[in-house]
Every structure is written in C-alpha cells, then in structure tokens.
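Coordinate inspection notes
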Amino acid sequence: MIKIERNITIPKINNLYTALNSTSTDILDLYLPKKIDKLDFGVLFSYLQFLATWIRDERSGKLHLPVNTAEEAVAYLDDNEFVYPSLVLAWEKEILDSEGKVLKSTLKKPSKRYFDKMDFFELKGRSVPIFCFDHDKSNRGLSKHFYKISRELVSEDSLGFNLFRAFQKIGSHNPSVFRNSIKSNFDSFIGIIHELFANTHEHAKTNELGHNLYPNIRAIQLKFHTKSIANYIEIYHDFKGIVDYFNSGFKVNELGDLYLVEISILDSGPGLVKRYKGLSKYNIPINEEIDIIKECLYRHNTSAEGLQNEVKGIGLDRVLRTIDGKGFVRIKSGRADVFRDMKNQRYVHHIKASDIQLNDWQNNSTTDFTVHPPAEGTLISIFYPLEYTEFQQ
C-alpha cells in the first residue's frame, strides 16, 4: 500500500519513490488523501509524475478515494485540483471508494463537466492546469489551447491568444498585478510555454523504442504565488539552493510580498536520458545522466536529429536565456533532480555543454549528484518573479 499524505511535499514525494522501488509487495494499491494542504512550488506535478511512475509499475493495483457516497465523490473531484488528472491517468485501474465500491460510472459525467470548466479556465483558485492525455482519443484528449483540430500544434502567436485568459485568471485576485506585472512579461511566458510544450509533443508521446505510451500525460500548470521573502525561505528552508535564490534581492510590494508566477511542464514520456540514449534501463553513471541534461540545455543543439546520432537539445537554452537574471528552474527526469538559479548563476554560453552548471536539488552540489529511484518522464518547474510596480491608470 502507498498512501499519499495530505501534507505532501517534494521530499515526501521523493520518499514515495523509495518506497515504490524497495517494497517487495506483489500488488501496490494507492490511497489518495481527502485534500492536499499546500500545493507549493512544483508539488502538484511532482505528485503526478510519481503517480505516472506508480501506474507504469507492473505491481500497481487499485486507486482508492477517501469518499463514502456518490455525492462525496463528485464534491471530492470538484474541490481538489489533483483528483481529475489522477482519475484520467488511472482510469484503466479499479477506482474504489472507502468501502471498496467501484466509482467509475459515478465519476464519468462529473469528470466531463470538470474538463469543460478547466477548458474555459473556470476552476477555483489561482492555478490554471491544462492537461493532454495522449491515450484519450476523444476530443478531450488534446487541449484545444495547444492543438488544432488536425492535431497539429498551434503557433506561438496563437498560443498567446489562447492563453491570454489563463493569465488573466491567475492575476484575477488583483487586476493591477495582471495589468502592471503579468501583462508586461506575457510574451516571455508564452515563449517558455510554447518551447517546452513543443518538446513534449516531439519527444514524449512515445517511449524510447518509439511505441505509444498508455496512459500518457503531457501538461502545464500556471500558478500565482504571493508571500513575503521570509515565508518563502521558511517553506523551502531544507533546500539551500532555493533559499539562496530568495536571499538574492527582489522588488516586493508595499506589504513586503514577492509576486511569483510558476510555470510547470510535465510529461510521462521516456525522460531525457532514455529518449536520447535509447536506453530501456538506467545502467550509466549518474554524472552521465547529468551531462545528457546539460546537452539538452546547450545552445547549438536543436530538436532535429543529429548527423551522427549525437544527443540533440530540446530548446531549453531559450528558456534559460528568457529567465536569465531573475528565474529559478528545477528539472526532474530519470534518476536526476537538479536546478539552476538564473539569478545567482547568470547565463553563459559555454564552449562545452559539460561546463554548464547544474546543482543537485537535495544537496546543492555541482559535482556530487544524488541517485534517486527512477521517475517516469520529465518535470520542469520554473519560478518567474514579477517586479512590483505601482498601480497606474
């Protein structure tokens, strides 16, 4: 049994991988909490990345929801951001209530209604998730915000038009934030999103052998965060790298709060190492995995196939240049979990990709990288600070 706690955090999610990897149980059911207390930076998609890893494990069993009645099940879906993607990913599993009754028929229509609300940016809260499920061949499988009817990706300009209301929503609690801060960075946000989501379209719909993945998720999350610098540091006090980031000097509002936009991109594809090395098992040193991630960050690499099958990049260099001097990015793929503080470690184009600096998420080292149990796919989470400006008519 694997139990998701309501006070889940990134360290606790990492512990779930250890439990999944080390247990000898033949069948592992997964139990969801009544709620998740705090969906801080990267937590929602970190959980979904683990869920995808659990589902791909041959021992994965049933998904258990903490509800007793049909009414409770529908309310549980509507009130919790993590439930809908959990249901869609695990739809081929048995989905049970706390008494062991099957919930699929109860949740089928409510899930469609939830999708419609999500599609029109009408969900509760300051977060905007957009999910694509490649195994769902209905018109709900691919988001209309990213795809044409022909199942081709929309252009960057069209994406900007499609997501304008999404950014209005995350700034809706304070219209001046949208008008004076979010709107002025809008083109940068759209460039980041289009670049990273296009990578999932090209590299994360099939496994390392080119076979379709079932199930498969590709998604983005936009979220507005506002807290004092002291509160951010308190939340992330266990991670020296992110504490150093928040101690590097920001322009805050008159109450001392720092505005941040989170952009998280998730896929449950093969991950960077498997995709670019064609490996089905992680049988290389962790530093070689890190070097592959660095290759993906390298400027002269593109998504095109190399002449001699060399590792080619996936456009991440553009993202680094966009957030240079202000942003923070975390990358979790395969057995690696690394970050780059673009405020304290400014962008430099190196002669060799291996010279690019990445820090270990857990110990902050640039040379001693933690070997984590393998995760499915790739998660990229970005903090993008908004410089506070006085309201102007």
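Up top is the structure.
To keep things clear, this report deals only with the structure shown in the data block. Keep in mind the model is a prediction, meaning the values are calculated, not measured. (Residues numbered from 1 in each chain as written. Predicted model: local features only at pLDDT ≥ 70, side-chain atom pairs only at ≥ 80, totals over all residues. Heavy atoms only, no water.)

**Brief notes about the pattern of salt bridges**
Inspection of the entire model under this criterion finds 16 salt bridges. Put simply, Lys101 and Glu99 hold a salt bridge, and the shortest N to O gap is 3.5 Å. The exposure class assigned to Glu99 is exposed, which follows from its relative accessible area of 52%. A salt bridge links Lys144 to Asp119, with the nearest nitrogen and oxygen atoms 3.7 Å apart. Here Lys144 is found in the loop between β5 (127–133) and α6 (156–170), whereas its partner Asp119 is found in helix α5 (residues 104–119), with 25 residues between them in sequence. For Lys144, a relative accessible area of 43% gives the class partly exposed. Salt bridges sharing partners connect three or more residues here, namely Glu156, Glu195 and Arg318. (Salt bridge = Lys/Arg side-chain N within 4 Å of Asp/Glu carboxyl O. Buried < 20%, exposed > 50% of the residue type's maximum accessible area, 1.4 Å probe, protein only. Helix = DSSP H or I, 4+ residues; strand = E, 2+ residues; numbered from the N terminus.)

**Concerning the environment of Tyr298**
Residue placement: Tyr298 occurs in the loop between α12 (286–296) and α13 (316–323). When the C-alpha atoms of Tyr298 and Asp355 are compared, they prove to be 9.9 Å apart, with 57 residues separating the residues in sequence.

**Re a positive patch on the surface**
Judged by side-chain charge, Lys108, Lys109, Lys112, Arg113 and Lys117 come together as a positively charged surface patch. Tracing the chain through its elements places Lys117 in helix α5. (Patch = residues over 30% accessible without salt bridge, like charges linked within 9 Å, V, L, I, M, F, W, Y side chains within 5 Å. Areas by Shrake-Rupley, 256 points an atom, 1.4 Å probe, with all protein chains shown as cover. Lys, Arg positive; Asp, Glu negative; His and termini not counted. Charge placed at Lys NZ, Arg CZ, Asp CG, Glu CD.)

**Focus on the packing of aromatic side chains**
Taken as a whole and judged by the stated rule, the model has 30 aromatic pairs. Ring plane angle 75° and centroid distance 6.1 Å describe the contact between Tyr147 and Phe197, whose orientation is recorded as edge-to-face. Placement of the pair is Tyr147 in the loop between β5 and α6 and Phe197 in helix α8 (residues 186–203), with a sequence separation of 50 residues. For the pair shown, Tyr147 and Phe197 are each scored as buried. A centroid spacing of 5.4 Å and a plane angle of 85° characterise the contact between Phe167 and Phe186, whose relative ring orientation is edge-to-face. On the criterion of sequence distance, the pair formed by Phe167 in helix α6 and Phe186 in helix α8 is long-range, its members being 19 residues apart. Given a relative accessible area of 10%, Phe186 falls into the buried group. An aromatic cluster is present here, built from Phe41, Tyr232, Tyr236, Phe239, Tyr245, Phe246, Phe250, Phe328, Phe339, Trp361 and Phe383 joined pairwise through their rings. Taking the ring centre of Trp91 as reference, the NZ or CZ of Lys104 above it sits at 5.7 Å. The ring of Trp361 has Arg330 lying over it, and the distance from NZ or CZ to the ring centre is 5.0 Å. (Phe/Tyr/Trp six-rings, centres within 6.5 Å; stacked < 30°, edge-to-face > 60°. Lys NZ or Arg CZ within 6 Å of the ring centre and 35° of its normal.)

Interpretation note: all reported values are geometric properties and have no functional meaning in isolation.
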